[in-house]
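Below, each chain spelled out in residue letters.
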Amino acid sequence: MLTSAPRGTKDILPGQVAGWNYVEQKIREICARFGYEEIRTPMFEHTELFQRGIGEGTDVVDKEMYTFTDRGNRSITLRPENTASAVRAYLQNKLYGQSDLVKLFYIGSMFRYDRPQAGRMREFHQFGVEALGEANPVVDAEIILLAVELLKSLGLKDLSLSLNSVGCPHCRPAYRQALQDYFRPHLHELCGDCRERFERSPLRILDCKADADKGFMAAAPKITDCLCDECREHFGAVQDYLRDAGVSFELDPRLVRGLDYYTKTAFEIKYAPLGAQSAVAGGGRYDGLVEEMGGKPTPAVGFATGLERVLLALEKQGLLPETGLETDAFVVALGDEARRPAFRLLQQLREAGLQAGMDYAGRSMKAQMKQAGKANARFALILGEDEVREGAVMLKDMEKSVQQKVPLAEVINKLKESI
RNA sequence: GCGGCUUUGGUGAAGCGGUUAACACACUGGAUUGUGGCUCCAGCAUACGUGGGUUCGAUCCCCACAAGUCGCCCCA
């Protein structure tokens, strides 16, 4: 137990960090281009924030949160997602006072108690974006394009974008009703899960794999047929903007988001080879959330991507950057008299801005040369009795395998020239 | 939360009711004097996920648990 991390958590090891840095750097670059600014919110919040924001009755809130009571008797929850926190920070810090439209992004750990699987961790990392304060569908499109642009710039291929509208408080109740009316006569034919969903979230029945091929499924009312005028227009406009941008997508009337706050636009980007956890990014509009949390009515859109899944996709497509230490110079010390001068030389190299290393174990020359080779050193600086006496150092080019004796005072300049 | 599969050293793995638990890579040392990447030699699992049981005897059989993985679910 002492030597294993809690279930569903993972160490990101030195060899893997380059991939994470690569993705994070791309994220920052693209967010800057799109005009989104980074925000960092606490990893834990008052439990109530998520209950209100995400909604009781959702799986995330009901069965997946890490909730505990702190020593001050407050109910605290490790953030299962970042939208609620972002909205809270927006309200608490009155960011709306700075401009009508506030565009934020975040990168960080999220926590959900779920059964671990590849691409589904209990501590996982999300990058997400929130645009608060604008109802125009052009922002929906911008956000989707940002997600697409990110994944594209990482080099990912074979992604699919699905789009839907889940309606608004005006038209969704009617649709719910229509669905329940439609399914009621078939209730006994539905799977157990769906019978439970019938009352609470009939929309999810559409998404059920077990019932997918039942005859009556195909004819179920589609939300897109039940949208109010405003929602319909909005949805149409989002599609127009995407087409103008040359982004292909498919409409999926069965795409439903599991968090209560979504309205109108919902979208998901999938990378199918990831199997059961193929959703790489997902999000949509949530026009009611800010008000729900005590702010003025404020339209908003956002999405999140699962970084582990993005990394998995990159790995599958062979797009992860190489990792490995670069070494400009490896100091090889021979004999006890050379140790101190060698260590001093090492420091001087590093102070001069070079990446330098040496052996600390007092090994044989052969072993030290091996180490230099393994460290990928461009040069080996050999310091033996002779060199110490002469105030010189043997400079060996590891690739060309040629060497020359150079006065100690000149090595650093010589190295800098050739690197 | 549900079901299937898997679990041998740092890694990839072979094995089988009773063996010194193969082999490869990695790692460490060596192949006469101060020089890497090739080659050769040697070393490197009181140990087969954990805990029980069956058996004269279990890494190999049974049970439980754990972890991983695939699917469901959920979602990113």
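Criteria and thresholds
- Residues numbered from 1 in each chain as written.
- Chains lettered and ligands numbered in written order.
- Predicted model: local features only at pLDDT ≥ 70, side-chain atom pairs only at ≥ 80, totals over all residues.
- Core = buried A, V, L, I, M, F, W, Y, C linked by C-beta atoms within 7 Å.
- Buried ≥ 20, exposed ≤ 12 C-beta atoms within 10 Å, placed from the backbone.
- Helix = DSSP H or I, 4+ residues; strand = E, 2+ residues; numbered from the N terminus.
- Contact = placed C-beta atoms within 7 Å.
- Domains from an automatic or database assignment.
- Pairing = 2+ DSSP bridges.
- Axes fitted to C-alpha atoms, helices over the stretch in contact; angles between N-to-C directions.
- Parallel < 35°, antiparallel > 145°, perpendicular 65-115°, else oblique.
- Nonpolar A, V, L, I, M, F, W, Y, C, P; charged D, E, K, R; others polar.
- pLDDT = per-residue confidence, 0-100.

Visitor: Explain the nonpolar core to me, and be specific about the residues and the numbers.
Guide: Formed by 70 residues in total, the largest nonpolar core has its most connected members in Ile-143 and Ala-147. It is helix H5 (residues 137-153) that contributes the most residues to this core, nine residues altogether. Aside from chain neighbours lying at most four places away, what touches Ala-147 is Ile-269, Ala-281, Phe-303 and Thr-305.

Visitor: Please set out the domain arrangement of chain A residue by residue, giving values where relevant.
Guide: For chain A, the assigned domains are domain 1 (14-171 + 227-316) and domain 2 (327-414). Each of domain 1 and domain 2 has a C-alpha centre, and these two points are 52 Å apart.

Visitor: Run through the environment of Asp-59, naming residues and quoting values.
Guide: With respect to the helices and strands, Asp-59 occurs in helix H3 (residues 59-63). Here Asp-59 falls in the exposed class, since 12 other C-beta atoms lie within 10 Å of it. Taking the C-alpha atoms as reference points, Asp-59 and Gly-192, 133 residues apart in sequence, are found 17 Å from one another.

Visitor: Before we move on, can you summarise the pairing of strand S4 (residues 75-78) with the specific residues and values?
Guide: Inspection of the sheet shows strand S2 (residues 44-46) paired to S4 by three bridges, in the antiparallel sense. Paired with His-46 across the two strands is Ile-76, which belongs to S4. One ladder, built from four bridges, connects strand S3 (residues 66-69) with S4; its direction is antiparallel. For Thr-67, the partnering residue across the bridge sits in S4 and is Thr-77. Counted between consecutive antiparallel strands, the loop separating S3 from S4 contains five residues, among which Asn-73 sits at a positive phi close to 70 degrees.

Visitor: Got a sec to walk through helix H4 (residues 83-92)? Specific residues and values, please.
Guide: For H4, the buried fraction is high: seven of the ten residues fall into the buried class. Taken together, the buried positions of H4 are Thr-83, Ala-84, Ser-85, Ala-86, Val-87, Arg-88 and Tyr-90. Contacts from the buried residues of H4 go to S2, helix H2 (47-54), strand S5 (102-111), strand S6 (123-132), helix H10 (289-292) and strand S11 (300-306).

Visitor: Let's hear about unusual backbone geometry: which residues, and what values?
Guide: In this structure, Asn-73 takes a positive phi of about 70 degrees despite not being glycine. Within the secondary structure, Asn-73 sits in the loop between S3 and S4. At Asn-376, a position not held by glycine, the phi torsion is positive, near 65 degrees. When you line up the elements, Asn-376 lands in the loop between helix H13 (365-374) and strand S14 (377-383). Using a count of 14 C-beta atoms within 10 Å as the deciding quantity, one classes Asn-376 as partly exposed.

Visitor: Which residues make up the packing of H2 against H4, and what values do they have?
Guide: Helix packing geometry: the angle between the two helix axes and the distance between the axes. The contact between H2 and H4 brings their axes to 9 Å, and the two run at 105 degrees. On the basis of the axis angle, H2 is roughly perpendicular to H4. Residue-level inspection shows Leu-49, Phe-50, Gly-53 and Ile-54 of H2 in contact with H4, the latter providing Ala-84, Val-87 and Arg-88. Considered class by class, the residues forming the contact of H2 with H4 number five nonpolar, one polar and one charged.

Visitor: Talk me through the sheet that holds strand S15 (residues 392-397); I want residue IDs and the actual numbers.
Guide: Overall, mixed pairing links the five strands, which are arranged S13-S12-S14-S15-S16 in an open sheet. Edge positions in the sheet fall to strand S13 (356-358) and strand S16 (402-407), since each has one partner strand and no second. For this sheet the average axis-to-axis angle between neighbouring strands, irrespective of direction, equals 25 degrees. Judged from the six bridges that link them, strand S12 (residues 327-333) and S14 form a sheet pairing that is parallel. Within S14, the position partnered with Val-332 by the bridge is Ile-382. Packed on one face of the sheet, H13 meets S12 and S14 and runs near 175 degrees to S12.

Visitor: How would you explain the sheet that holds strand S10 (residues 279-285) if you had to name every residue and give the values?
Guide: Strand order in the open sheet formed by eight strands is S1-S5-S6-S11-S10-S9-S7-S8, with mixed pairing between adjacent strands. Every other strand in the sheet has two partners, leaving strand S1 (37-38) and strand S8 (250-251) as the edge strands with one partner each. Packed on one face of the sheet, H4 meets S5, S6 and S11 and runs near 45 degrees to S6. Helix-sheet contacts for helix H11 (residues 307-316) involve S6, S10 and S11, and the interaxial angle to S11 is about 50 degrees.

Visitor: Quick rundown of the confidence of the model for chain A? Include the residues and the values.
Guide: Overall, the prediction assigns chain A a mean pLDDT of 92, with 98% of residues at 70 or greater. Overall fold confidence (pTM) sits at 0.91, and the ipTM for the predicted complex is 0.85.

Visitor: A description of the environment of Pro-137 should follow, citing residues and the corresponding values.
Guide: Turning to its location among the elements, Pro-137 is positioned in helix H5. Linking Pro-137 and Leu-325, residues 188 residues apart in sequence, is a C-alpha distance of 47 Å. Not counting chain neighbours up to four residues away, the residues in contact with Pro-137 comprise His-234, Ala-237, Val-238 and Tyr-241.

Visitor: Residue-level account of the pairing of S11, with values.
Guide: Across the seven residues that make up S11, a large majority, seven, are buried. Side chains of S11 alternate between two faces, with Ala-300, Gly-302, Ala-304 and Gly-306 and Val-301, Phe-303 and Thr-305 buried alike. With seven bridges joining them, S6 and S11 adopt antiparallel strand pairing. Considered in S11, the bridge of Ala-131 is made with Val-301. Pairing geometry for S10 and S11, over five bridges, is antiparallel. When the bridges of S11 are listed, Gly-283 appears paired with Phe-303.

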